[in-house]
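Here are the chains, one letter per residue:
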Amino acid sequence: MAAGMGFRSHKSLLTILFGFLGLFSFTVEAATKKYQFDIQVKNVSRLCHAKPIVTVNGRFPGPTIYVREGDRVLVNVTNHAKYNMTIHWHGIKQYRNGWADGPAYITQCPIQTGNSYTYDFNVTGQRGTLWWHAHIFWLRATVYGAIVIMPKPGTPFPFPQPAREFEILLGEWWHKDVEEIETQGNQMGLPPNMSDAHTINGKPGPLFPCSEKHTFAMEVEQGKTYLLRIINAALDDELFFAIGGHNLTVVEVDAVYTKPFTTQTILIAPGQTTNVLVKANQVAGRYFMATRTFMDAPIPVDSKAATAIFQYKGIPNTVLPSLPSLPAANDTRFALSYNKKLRSLNTPQYPANVPLKVDRNLFYTIGLAKNSCPTCVNGTRLLASLNNVSFVMPQTALLQAHYFNIKGVYRTDFPDKPLTAFNYTGAPLTANLGTSVGTRISKVPFNSTVELVLQDTNLLTVESHPFHLHGYNFFVVGTGIGNFDPAKDPAKYNLVDPIERNTIGVPTGGWTAIRFRADNPGVWFMHCHLELHTGWGLKTAFLVEDGPGQDQSVVPPPKDLPAC
């Protein structure tokens, strides 16, 4: 009898123990990570100037979100600032859950002053570096931070394990309030003032005045390897990044592993992320990390370099750091060569599932134009367009209008190709080809495959444009300079291991072809990630229809969805 009782007690204990272990293992593999984001105005000093800026939790840049692949994330955003606010989780696919995507008036209306909204999303099938930022007006100038997604427990990186990791966020700084600068530019019909400095982790570095306290430094040990998670959070500039005397090995972009390659300098467009390995294998000393603008079009930019310190342990701060040699600001050859080296890892564990059959071919031209504006300085206002349609933001969020079948908010007749064909990258053209304005988007059947060719044009000027597609990754199957040739260029596509990402630069005076499978229902924003061009109308959206399956339609909206 006692033995039986003992056995039952032992069995009960084992049941409880295994139940506990099962619970523990579940929480490790599928944890819920909760964050509180308080949108606050705080006085911050840079370059001998102090000004109030919009921050998250009083920090600039804002806090890093740390999750594992498979986790659920809850971020409660409370808006204490005078501006309306939304947060976009840049690169998170948000399957069926556009309500958590964040672009104002596309998937949600803004969080008004004094109100809160909880972003609730799962991180599924992704690992690596992404980022978050405000997605309304120019507020992402100061409201941004990193997202670090670690692999599932027990899953190693497909590259050597680093001794330590650092997040490196590249940004910009203006002496004046960025919202006032944007408003002034719109009223004048001219581009706003360029930034007064670039920043590394919110700091311009010692090459600028009053920057002794405003320099980021990372300490390294001889012989060890470090992982840098680099994010370009700048509003309007593609950037070079390098470390004096050290090589960088690229292992990931936009949270997708790459075939590793070594370079002295990386090129990173606004919205993009790049993970690099750097080995502390040089003479122990202090070295500058530096970032500076890449611009190969005749457009003025802030060309001053922001710097941070890569410092070997035990080296005193009195040692002068050595600068890296960055490419020339207009080095097109380097830019094209660098981007050509980016390839998907394409292994059995991390395959490159490139769509080989295309259901829908789209061809979008990128154009600039001048429209009449009697109150503006030159009597005209600059516009930007895709296929000569300059997008107008609605007052009701597109996803809400779609889900609740609200009429009159948007049209689904965005043209698949420009109405007028011309020599897109030939002699400079000043005609606007009848640019129209409106809220026009493209409807795409669920699970169809799409090829989109983005073609730069010489309307007013050629220029590089980094395009970001929400809700999806895509494969960059081809790129070139000049006009896309539909008869010859597809034969040169890389359909084996093209780079997969969520933001891609269209080269100055050139084109880029991307492919994706429309398997995420909802309304998904696509826009140039140069904030200046987005504001001028260089944007549109895809309405991806629901599929027939049980888990192939947009989930119901949360109860606390902000009202318009």
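Residues numbered from 1 in each chain as written. Predicted model: local features only at pLDDT ≥ 70, side-chain atom pairs only at ≥ 80, totals over all residues. Heavy atoms only, no water.

What about helix α2 (residues 178-188)?
Spelled out, the test is: Classification of residues uses two cut-offs on accessible area relative to the type maximum, computed with a 1.4 Å probe and protein chains only: under 20% is buried, over 50% is exposed, and between them is partly exposed. Counting from the N terminus, the helices are the DSSP runs of H or I reaching at least four residues and the strands are the DSSP runs of E reaching at least two. Summarising the geometry, the arc corresponds to the directions from the helix axis toward the C-beta atoms. Under the rule applied, a polar contact is a pair of N or O atoms within 3.5 Å (in protein, one hydrogen donor and one hydrogen acceptor; residues adjacent in sequence only if both atoms are side-chain atoms).
Turning to α2, its buried residues number three or more, namely Val-178, Glu-179, Ile-181, Glu-182 and Gly-185. Across the axial projection of α2, the buried residues extend over an arc of 160°, all falling on one side. Turned more than 90 degrees away from the buried face of α2, the exposed residues are Glu-180 and Gln-187. Between a side-chain oxygen at the N-terminus of α2 and the backbone nitrogen of Glu-179 the separation is 2.9 Å; the capping residue is Asp-177.

Looking at the domain arrangement of the chain
This is how it is decided: For the domain bounds, the source is a domain assignment made automatically or taken from a database. We call two residues in contact when some of their heavy atoms are within 4.5 Å. Summed over both partners, the accessible surface that disappears when two parts come together, traced with a 1.4 Å probe, is what is meant by buried area. In the sections that follow, a salt bridge refers to a side-chain nitrogen of Lys or Arg positioned within 4 Å of a carboxyl oxygen of Asp or Glu. Residue polarity is assigned by list, with Asp, Glu, Lys and Arg as charged and Ala, Val, Leu, Ile, Met, Phe, Trp, Tyr, Cys and Pro as nonpolar; anything else, Gly included, falls into the polar class.
Considered domain by domain, the chain is made up of domain 1 (27-155), domain 2 (159-343) and domain 3 (360-552). The centre of domain 1, based on its C-alpha atoms, is set 25 Å off from the matching centre of domain 3. With 25 residues of domain 1 at the contact, the number on the domain 3 side is 31 residues. Between domain 1 and domain 3 the total buried area reaches about 2200 Å² when both faces are included, carbon and sulfur atoms providing 59% of it. Applying the counting rule to domain 1 against domain 3 returns two salt bridges. A salt bridge links Glu-531 to Arg-140; its shortest N-O distance comes to 2.7 Å. Between the two partners, domain 1 and domain 3, sit 16 residue pairs in polar contact (both at pLDDT 80 or more). Listed by contribution, the elements that provide at least two residues to the side of domain 1 that touches domain 3 are β5 (87-90) and β7 (128-134). In terms of residue count, β7 provides more of the side of domain 1 that touches domain 3 than any other element does, three residues in total. Here the side of domain 1 that touches domain 3 is built from residues that sort into eleven nonpolar, ten polar and four charged.

Some details on the UniProt feature "domain: Plastocyanin-like" (unreviewed entry) in the chain
Operational definition: UniProt positions are given in the numbering used here, feature names are shortened, and annotations may be inferred rather than shown by experiment.
Mapped onto the present numbering, the UniProt feature "domain: Plastocyanin-like" (unreviewed entry) falls on residues 39-152, 167-314 and 414-546. Taken end to end, residues 39-152 is 0% helix and 46% strand, and its first and last C-alpha atoms sit 31 Å apart.

Points about the state of the cysteines
Heads up, the condition is: Cysteine sulfur atoms are paired as a disulfide whenever they fall within 2.5 Å.
Under the definition given, this model contains three disulfides. Across a sulfur-sulfur distance of 1.6 Å, Cys-109 and Cys-564 are joined as a disulfide pair. Between Cys-109 and Cys-564, the S-S torsion sits near 55°, and that sign places the bridge as right-handed. You can see Cys-109 sitting in the loop between β5 and β6 (116-122) and its partner Cys-564 sitting in the segment after β32 (539-544), a full 455 residues away along the chain. For Cys-564, a relative accessible area of 53% puts it in the exposed group. Here Cys-373 is linked by a disulfide to Cys-376, with a sulfur-sulfur distance of 2.1 Å. Here the disulfide of Cys-373 and Cys-376 is right-handed, its torsion about the S-S bond being about 65°. Pair check on accessibility: Cys-373 and Cys-376 agree, each one buried. Along the chain, the cysteines engaged in disulfide bonds are linked according to the scheme 1-3, 2-6, 4-5 when indexed in sequence order.

Thoughts on the packing of aromatic side chains
Keep this limit in mind: What counts as a ring pair is set by centres within 6.5 Å for rings of Phe, Tyr and Trp (its six-membered ring), and what kind of pair is set by the plane angle: stacked under 30 degrees, edge-to-face over 60, tilted for all other angles.
Following the criterion strictly, the structure yields 30 aromatic pairs and no others. Seen from their ring centres, Trp-89 and Trp-132 are 6.5 Å apart, and the 50° between their planes marks the pair as tilted. Taken together, the residues Trp-89 in strand β5 and Trp-132 in strand β7 connect sequence positions 43 residues apart. Each member of the pair, Trp-89 together with Trp-132, is buried. Relative to Tyr-403, the ring of Trp-99 lies with its centre 5.4 Å away and its plane at 85°, an arrangement referred to as edge-to-face.

Concerning the layout of surface pockets
Spelled out, the test is: Points on a 1 Å grid, built from protein atoms alone, make a cavity when a 1.4 Å probe fits but cannot get out and make a pocket when they are open with protein on both sides within 12 Å along at least 5 of 7 lines; residues with an atom within 4 Å of a point are the lining residues. Grid points are joined across faces, edges and corners, and a volume is the space filled by probe spheres set on the points.
Quantified by volume, the largest pocket comes out at close to 1100 Å³. Taken together, 46 residues make up the lining of the largest pocket; nearest its centre are Lys-93, Thr-124, Gly-125, Gln-126 and Asp-519. Looking at the lining of the largest pocket, the elements with two or more residues in it are β6, β15 (256-263), β27 (474-481) and β30 (510-517). Per-element accounting of the lining of the largest pocket gives the leading share, five residues, to β6.

Here we look at the side chain of Gln-272
Considering the arrangement of structural elements, one finds Gln-272 in the loop between β16 (265-268) and β17 (273-279). Judged by relative accessible area, Gln-272 falls into the buried class, the value being 6%. A polar atom in the side chain of Gln-272 sits 2.9 Å from the backbone oxygen of Thr-503.

Observations regarding the nonpolar core
As a reminder, the rule being used: Put simply, buried Ala, Val, Leu, Ile, Met, Phe, Trp, Tyr and Cys residues joined by side-chain atoms within 4.5 Å make one nonpolar core.
In terms of nonpolar packing, the biggest core is built from 78 residues, with Ile-168, Leu-228, Phe-241 and Phe-542 touching the most fellow members. Here this core spans two domains, and each of domain 2 (159-343) and domain 3 (360-552) adds at least three residues to it. Core analysis: the next-biggest nonpolar cluster, separate from the first, contains 46 residues, Met-85, Trp-99, Ile-147 and Ala-401 among them.

A look at unusual backbone geometry
In this structure, the amide linkage connecting Phe-60 to the following residue, Pro-61, adopts the cis form with an omega of -10°. Tracing the backbone through its elements, the reader meets Pro-61 in the loop between β2 (49-56) and β3 (65-68). Here Leu-47, not a glycine, exhibits a phi torsion of approximately 55°, which is positive. Structurally, the position occupied by Leu-47 is in the loop between β1 (32-46) and β2. With relative accessibility at 7%, the residue Leu-47 sits in the buried group. Non-glycine residue Asn-405 carries a positive phi angle of around 55°. Along the polypeptide, Asn-405 turns up in the loop between α4 (398-403) and β23 (436-438).

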